[in-house]
Amino acid sequence: MKRLLIALVAFFAITTVASASPYKLDEAAVDSAIESAVAVSPVSLLSDAHAPLPVGMPSSASVSAGKSPVGAILLTFFLGGFGIHRHYMGTRPWMWAIYTFTFGGIFGVVPFVDFIVEIIAAVEDNSVARYCGNTSFFMWG
């Protein structure tokens, strides 16, 4: 109980002292930055072979295999009961609620099977692209 009280006192002390008044927003600069921005999509990058790739994008990247199998496996292992891995792979935005309110996807069975399926997919073809964008509750079905 003491830790909670100390945390609350620290939180309120920091929020009382912190102030955003010295910062000013230059709306003209923001508007000009937005107007001069160029829209880029991965599809347009892949269709033009001579276009430079964005910084940090590997040269072997593709649109269909854009999700890392290791990332999906780690999310499933640590947050599978909440369906965060499904959100990462591009399912319906409310799928996390189904996983959460069915007590971890039918008491953890669904995330466990998702975990096994993702491992198999990563070993077979080093990709979870076939499960990306799947909108059904059972991603392997």
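Residues numbered from 1 in each chain as written. Predicted model: local features only at pLDDT ≥ 70, side-chain atom pairs only at ≥ 80, totals over all residues. Heavy atoms only, no water.

J.: So what exactly am I meant to see when it comes to helix α1 (residues 2–17) here?
T.: Every α-helical turn comprises 3.6 residues, leaving residues that sit three or four positions apart pointing alike. If you check α1, its first and last C-alpha atoms are 22 Å apart, about what 16 residues at 1.5 Å a residue would give, namely 22 Å. Counting buried positions along α1 yields zero of 16 residues, so the element is predominantly exposed. (Helix = DSSP H or I, 4+ residues; strand = E, 2+ residues; numbered from the N terminus. Expected span 1.5 Å × (residues − 1). Buried < 20%, exposed > 50% of the residue type's maximum accessible area, 1.4 Å probe, protein only.)

J.: What is the right way to look at the packing of helix α4 (residues 69–79) against helix α7 (residues 109–125) in this model?
T.: For any two helices packed against each other, one specifies the crossing angle of their axes together with the interaxial distance. It is at 9 Å that the axes of α4 and α7 come closest, and there the two elements cross at 160°. Viewed along their axes, α4 and α7 adopt a mutual orientation that is roughly antiparallel. Considering how the two elements wind past one another, α4 and α7 form a crossing that is left-handed. Residues P69, A72, I73, T76 and F77 of α4 pack against P111, D114, F115, E118, I119 and A122 of α7. (Axes fitted to C-alpha atoms, helices over the stretch in contact; angles between N-to-C directions. Parallel < 35°, antiparallel > 145°, perpendicular 65-115°, else oblique. Left-handed = near helix turned anticlockwise from the far one by under 90°. Contact = heavy atoms within 4.5 Å.)

J.: How do you make sense of unusual backbone geometry when you look at a structure like this?
T.: Most peptide bonds are trans, and most residues other than glycine sit at a negative phi. Of note, the phi angle at F107 is positive, near 60°, even though the residue is not glycine. The residue F107 is located in the loop between α6 (95–101) and α7 in this model. In this structure F107 comes out as exposed when scored by relative accessible area, which is 67%. Its identity is not glycine, yet N126 carries a phi of approximately 50°, on the positive side. Mapping N126 onto the fold places it in the segment after α7. In this structure N126 comes out as exposed when scored by relative accessible area, which is 58%.

J.: Explain a negative patch on the surface to me, please; I cannot follow it from the model alone.
T.: Together, D26, E27, D31 and E35 make up a region of like negative charge exposed at the surface. E27 sits in the exposed class, given a relative accessible area of 55%. (Patch = residues over 30% accessible without salt bridge, like charges linked within 9 Å, V, L, I, M, F, W, Y side chains within 5 Å. Areas by Shrake-Rupley, 256 points an atom, 1.4 Å probe, with all protein chains shown as cover. Salt bridge = Lys/Arg side-chain N within 4 Å of Asp/Glu carboxyl O. Lys, Arg positive; Asp, Glu negative; His and termini not counted. Charge placed at Lys NZ, Arg CZ, Asp CG, Glu CD.)

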